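Read off the chains here:
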Amino acid sequence: MRRTTLAVLALSACLVPAAVAQELWRQNPVNSFGGLSAQDARNPGGLGWFSEVVDNFEGQAGSSIGSIEFWGGYAQDARGNTHGFMIRFYDGADGQVGTLLSTQDVFTFTEVEYYNTTIPPIGILRGYHYTLDLASPVTIPSTGQYWISITAILDRGGTATEPQWGWVASSTFNSPGCMQRFFSPNFTQQSQDVAFVLHAADSGPSCDPDVNQDGNADQDDFAYLTNVIGGGENPTGIDPDFNQDGNADQDDLASLVDVLAGGPCP
Ligand SMILES: [Ca+2]
Ligand SMILES: [Ca+2]
Ligand SMILES: [Ca+2]
């Protein structure tokens, strides 16, 4: 037990976040019904991949992106029939769009209205919040700048009557601005960013090391669980069997220490 206690004390200078659904990057949206066009029209006789938008983020070596959120819309009152999204990651040395690291087409996604506004000649214009899981998580090879590209797979041109899809702007700005190519192979720098969230890939079961429920995962939680396992009060009502092996004992304290130190949940 002595070694365990020392390990926890060593943590006191750096509070670690709870080991649950880790968010790797966030750029929140403005309230809008559309944005920069990013669309691949694969219908026969259609326009093809005529527009793309990329925006940068700071990637951490070894982190793995498993799911994303983003915001967009159609700038008309009827929802478009989007088939899916092409999600790409590029490396980003020198502020330029570099080598393609990953491209995947994802056809399972959620599209939920988060905003609308009425513009009388057009109708009700709606913005949508999207979520999707990547088919294969993307691992960041080294710490540095990367670009994410999100393109709606949506018919356009030929006999299609579908609208354009646009990626909603971000309410924050992380330099450099996003870039767009539109009927051109060349990206053009924009003076805004676009809205997206990167989530880490699931790394096994989840758990909440904040057993005393004070918002921090730290040595106070170790003290709390120690007391509960010793027969003390349990005002937060947590299950003291932290490692879920059927017994509440010192193995649970060891398991909690591992998680507080950034290890995986038991
Ligand atoms: Ca940016
Ligand atoms: Ca706590
Ligand atoms: Ca246990």
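Located above this text is the structure these notes cover.
Model, not experiment: these values are computed from the prediction. (Residues numbered from 1 in each chain as written. Chains lettered and ligands numbered in written order. Predicted model: local features only at pLDDT ≥ 70, side-chain atom pairs only at ≥ 80, totals over all residues.)

(A) Region of the structure containing the nonpolar core. Ranked by size, the top nonpolar core spans 37 residues in total, and within it F70, I150, W167, V194 and F196 carry the most contacts. Residue contributions to this core peak at five residues, all from strand 10 (residues 144-153). With near-sequence residues (within four places) excluded, F196 lies in contact with Q27, D55, I68, E69, F70, I148 and I150. Within the second largest apolar cluster, 12 residues are counted, among which are Y224, L225, L253 and V257. (Core = buried A, V, L, I, M, F, W, Y, C linked by C-beta atoms within 7 Å. Buried ≥ 20, exposed ≤ 12 C-beta atoms within 10 Å, placed from the backbone. Helix = DSSP H or I, 4+ residues; strand = E, 2+ residues; numbered from the N terminus. Contact = placed C-beta atoms within 7 Å.)

(B) Examining unusual backbone geometry more closely. Here the residue pair S175 and P176 is connected by a cis peptide bond, since its omega of -5° sits within 30 degrees of zero. Examined against the element boundaries, P176 turns out to sit in the loop between strand 11 (166-167) and strand 12 (179-182). For A75, which is not a glycine, the phi torsion comes out positive at approximately 55°. Note on placement: A75 falls in the loop between strand 5 (64-73) and strand 6 (84-91). Under the C-beta neighbour-count criterion, A75 is labelled buried, with 20 such atoms within 10 Å. For Q213, which is not glycine, the phi dihedral falls at a positive 60°.

(C) Summary view of the pairing of strand 8 (residues 110-119). Where burial is concerned, little of strand 8 is hidden: zero out of the 10 residues are buried. Sheet topology note: the strand 8/strand 9 (residues 123-139) ladder contains nine bridges and is antiparallel. When the sheet's bridge partners are listed, V112 is paired in strand 9 with H129. (Pairing = 2+ DSSP bridges.)

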